[in-house]
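Each chain is listed here by its residues.
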Amino acid sequence: HDALVMGIRDYFRKNNFTTATLGLSGGIDSAVVLALASEAIGSENIRVLLLPSEFSTSHSVTDAEVLAKNLSVTYDVVPIKDIYSTSLNALAPLFGDMPFSVAEENLQSRIRGVLLMAVSNKFGNILLNTSNKSEVAVGYGTLYGDTNGSLSVLGDVYKTDVYALARYINRDKEIIPTNTITKAPSAELRPDQQDSDSLPDYDTLDAILYQYIEAEKSEKELYKMDVKKETIDKTLRLVKRCEYKRQQLCPAIRVSEKPFAQRHIPLIAKF
């Protein structure tokens, strides 16, 4: 927690940045990023966007609003339903009667990315990325959508640790709404979507990722874990297949022994 707060604060101060923005979804990742950023640079210097689509649940919007109010952060609600519909209509001659797929899901994420970058450009607010290390590891994120940002706050933090951070942030009083912490994680890009539709549960996923990345265990050693072989195989396939995404991500605050990106020139150095 303290390392992440320091990382955000140093990044802003040493680069002469003063204000930030991010997309607040009602999910735990953006909630934790907002709480950390508020502590690092002050809630008065942050303006967030709530970008609900037709698939967003009402409680996600409510949870996001409650968090913003708890932290005294300025927020704007910018529904993307009309932009999404217009985009689909423009693509209809190309897509024809093809079934709904990941293309339509990712389109929503990229629309949000466009709007967030517009706010960043217009007001000079630095966009904070909210993807976590588990998602980065297996490529569970949309390029040029939710991977946008100038700084990744949680890119070196596994999802299970994001939950631990949320509970720590709430140690004295409820800042992050309890529902944000307890509800099933979802990208809300299609009806009733949950992360578990595409990934193993995060306790299992993170256990595999930690042993593979941090502990540098071989596949043969991983098979000794109390996890199904097919789950391990699927996880490793995703990690190996998604390096092209990781190569395009913004820099992340390093808090582990094995971050994904290793840079030889300091990101901020004040030469």
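This structure is a prediction, so every number in the text was calculated from the model and none was measured. (Residues numbered from 1 in each chain as written. Predicted model: local features only at pLDDT ≥ 70, side-chain atom pairs only at ≥ 80, totals over all residues. Heavy atoms only, no water.)

**Student:** I'd like a rundown of the side chain of Lys245, residues and numbers included.
**Tutor:** With respect to the element layout, Lys245 can be found in helix H12 (residues 243-246). Discounting residues that sit within four places of it in the chain, Lys245 has contacts with Gly139, Gly141 and Leu143. (Helix = DSSP H or I, 4+ residues; strand = E, 2+ residues; numbered from the N terminus. Contact = heavy atoms within 4.5 Å.)

**Student:** Would you mind going over the packing of aromatic side chains in detail, with residue names and values included?
**Tutor:** Inspection of the entire model under this criterion finds 5 aromatic pairs. Ring centres of Phe12 and Phe17 lie 6.2 Å apart, and the angle between their planes is 80°; this geometry places the pair in the edge-to-face category. On the basis of relative accessible area, Phe12 is assigned to the buried category, the value being 1%. Aromatic side chains Phe55 and Phe100 sit 6.0 Å apart centroid to centroid with 75° between the ring planes, which places their arrangement in the edge-to-face category. With Phe55 in the loop between strand E2 (46-50) and helix H3 (58-70) and Phe100 in the loop between helix H4 (81-95) and helix H5 (102-123), this pair connects stretches of sequence that are 45 residues apart. Given the relative accessible area of 18%, Phe55 is considered buried. The exposure class of Phe100 is partly exposed, given its relative accessible area of 41%. What links up through ring pairs into an aromatic cluster is the set Tyr11, Phe12 and Phe17. Seen from the ring of Phe123, Arg47 lies directly overhead, with NZ or CZ sitting 4.7 Å from the centre. The ring of Phe260 carries Lys133 above its face, with NZ or CZ at 5.7 Å from the centroid. (Phe/Tyr/Trp six-rings, centres within 6.5 Å; stacked < 30°, edge-to-face > 60°. Buried < 20%, exposed > 50% of the residue type's maximum accessible area, 1.4 Å probe, protein only. Lys NZ or Arg CZ within 6 Å of the ring centre and 35° of its normal.)

**Student:** I'd like a description of the pairing of strand E1 (residues 20-23), backed by residues and values.
**Tutor:** Examined bridge by bridge, E1 and E2 share 4 bridges and lie parallel to one another. Bridging across to E2, Ala20 finds its partner in Ile46. By the bridge criterion, 2 bridges tie E1 to strand E4 (residues 126-129) in an arrangement that is parallel. Note that in E4 the partner of Thr21 across the bridge is Leu127. (Pairing = 2+ DSSP bridges.)

**Student:** Can you lay out the pattern of salt bridges for me, pointing to particular residues and giving the numbers?
**Tutor:** Pairing between side chains becomes possible if they bear opposite charge and their charged atoms approach one another. Taken as a whole and assessed by the stated rule, the structure comprises 12 salt bridges. Between Arg47 and Asp76 there is a salt bridge whose closest N-O contact spans 2.8 Å. Of this pair, Arg47 sits in strand E2 while Asp76 sits in strand E3 (residues 74-77); the two residues are 29 residues apart in sequence, bridging distant segments of the chain. Judged by relative accessible area, Asp76 falls into the partly exposed class, the value being 24%. Two residues, Arg190 and Asp197, come together in a salt bridge whose shortest N-O distance is 3.4 Å. Given the relative accessible area of 23%, Arg190 is considered partly exposed. Using a relative accessible area of 46% as the deciding quantity, one classes Asp197 as partly exposed. (Salt bridge = Lys/Arg side-chain N within 4 Å of Asp/Glu carboxyl O.)

**Student:** So what's going on with helix H2 (residues 28-41)? Residues and values would help.
**Tutor:** Over its 14 residues, H2 extends 20 Å from the first C-alpha to the last, a length consistent with the 20 Å expected when each residue adds 1.5 Å. Most of H2 is tucked away, with 13 of its 14 residues classed as buried. Remark: Gly42 follows H2 within two positions and exhibits a positive phi of approximately 95°. (Expected span 1.5 Å × (residues − 1).)

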